[in-house]
Amino acid sequence: MPETTPFRRVLVKLSGEALAAPDGYWLHPPTLAGIADDIARTLEAGIQVALVVGGGNMIRGARISAAGWIDRATGDSLGMMATVMNSLALETALNAAGVPARTMSAVSMPTICETFARQPALHHLDKGQVIVLAGGTGNPFFTTDTAAVLRAAELRCNAVLKATQVDGVYSADPKTDPTATRYDRLTHDEAIARDLKVMDTAAFALAREARLSIVVGSVHAPSSIKAILTGAAPSTHVVP
C-alpha cells in the first residue's frame with residue numbers, strides 16, 4: 001500500500017552540483033543510481049514525479065558572463081545545454097532502475113529528446129512516467145529555480161521540492177553560524193520578509209503568485225526525496 005503523503009504530484013529540483021563526483025568530474029554514476037533508486041521508492045509511495053536539474057556542475061552562464069569574455073545570453077544558452085546533458089544522464093539512470101522516464105527540453109533538440117509541451121507532459125505523468133525537464137525555461141536570464149516553479153505550476157504539481165545541501169531553511173547559514181535555527185514551516189510572506197533566500201527572487205515571486213508550496217530538504221541522505229515527501233526526514237515547508 002502507498003504510504004500516507006499529502007502530495008500526489010511533486011516537481012523535484014536538483015542542483016547540477018548534486019550529480020558531480022568527489023574528484024570534480026561532472027557526473028558521478030553511483031550518485032545518479034542512488035537518485036534513481038530514491039525516485040523509484042517515491043513512485044511506490046504513490047507520488048508522481050517531475051524533475052528539473054541545473055547545470056552548475058558544468059557551467060554557469062552568469063558566472064562566465066561576469067568574467068567579461070562572453071555575453072550573458074550566450075552564457076545562459078550554454079547553461080541550458082548543460083541541463084540537457086544532465087537530464088539525459090538522469091533519464092538513463094532512471095530507466096536502468098526500472099523507472100520509465102522521458103527527457104523533455106524547453107530548447108528544441110528533436111533528434112536528442114522530446115520538446116517540452118504541457119499536454120504531452122501531463123499525459124506522461126498520468127501514465128506513471130517520470131519526466132526530466134531540461135533546458136530551463138528556454139530563455140536566458142532565468143534560473144533553473146524559476147524553470148522548476150514554472151513547470152510545477154503548468155503541470156498542476158502540489159509542491160516543489162528543492163533538494164539542497166542542508167535539511168531545510170535556516171535563520172542563517174548553519175555551516176558558519178552555530179546559532180542558526182531551522183524553520184519547520186513558513187509562509188511565503190514570512191520567507192520574503194526575513195530574506196531567507198529559499199529560491200532566487202523571480203522563482204519565489206512566481207511560487208507565491210501560483211500559491212505553490214515549496215519543500216526544502218537535504219539530498220544527501222539515502223532515500224532522501226521519499227523520506228522528505230513522506231515526512232520521515234526533516235524539512236521546511238514554505239506554504240501560501
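Refer to the structure printed above.
Every value quoted in this text rests on a predicted model; they were computed, and no experiment measured them. (Residues numbered from 1 in each chain as written. Predicted model: local features only at pLDDT ≥ 70, side-chain atom pairs only at ≥ 80, totals over all residues. Heavy atoms only, no water.)

Draft legend 1. Just the pattern of salt bridges, in detail. Inspection of the entire model under this criterion finds 13 salt bridges. The salt bridge partner of Asp37 is Arg41, with a shortest N-O separation of 2.5 Å. In this pair, Asp37 and Arg41 are both assigned in helix 1 (residues 29-44), 4 residues apart and thus about one turn of the helix distant. Owing to a relative accessible area of 38%, Asp37 belongs among the partly exposed residues under this scheme. Look at Arg41 and you get partly exposed, because its relative accessible area is 25%. Residues joined in a network through salt bridges with shared partners are Arg8, Arg9 and Asp126. (Salt bridge = Lys/Arg side-chain N within 4 Å of Asp/Glu carboxyl O. Helix = DSSP H or I, 4+ residues; strand = E, 2+ residues; numbered from the N terminus. Buried < 20%, exposed > 50% of the residue type's maximum accessible area, 1.4 Å probe, protein only.)

Draft legend 2. Up close: the packing of aromatic side chains. Scanning the model with the defined rule gives 1 aromatic pair in all. Where Tyr25 meets Trp26, the ring centres are 6.2 Å apart and the plane angle is 55°; that geometry is what we call tilted. (Phe/Tyr/Trp six-rings, centres within 6.5 Å; stacked < 30°, edge-to-face > 60°.)

Draft legend 3. Up close: the side chain of Thr146. Summarising the element assignment, Thr146 is placed in helix 5 (residues 144-154). Classification of Thr146 as buried rests on a relative accessible area of 6%. In contact with Thr146, not counting residues within four places along its chain, are Thr137, Asp200, Ala202, Ala203 and Leu206. (Contact = heavy atoms within 4.5 Å.)

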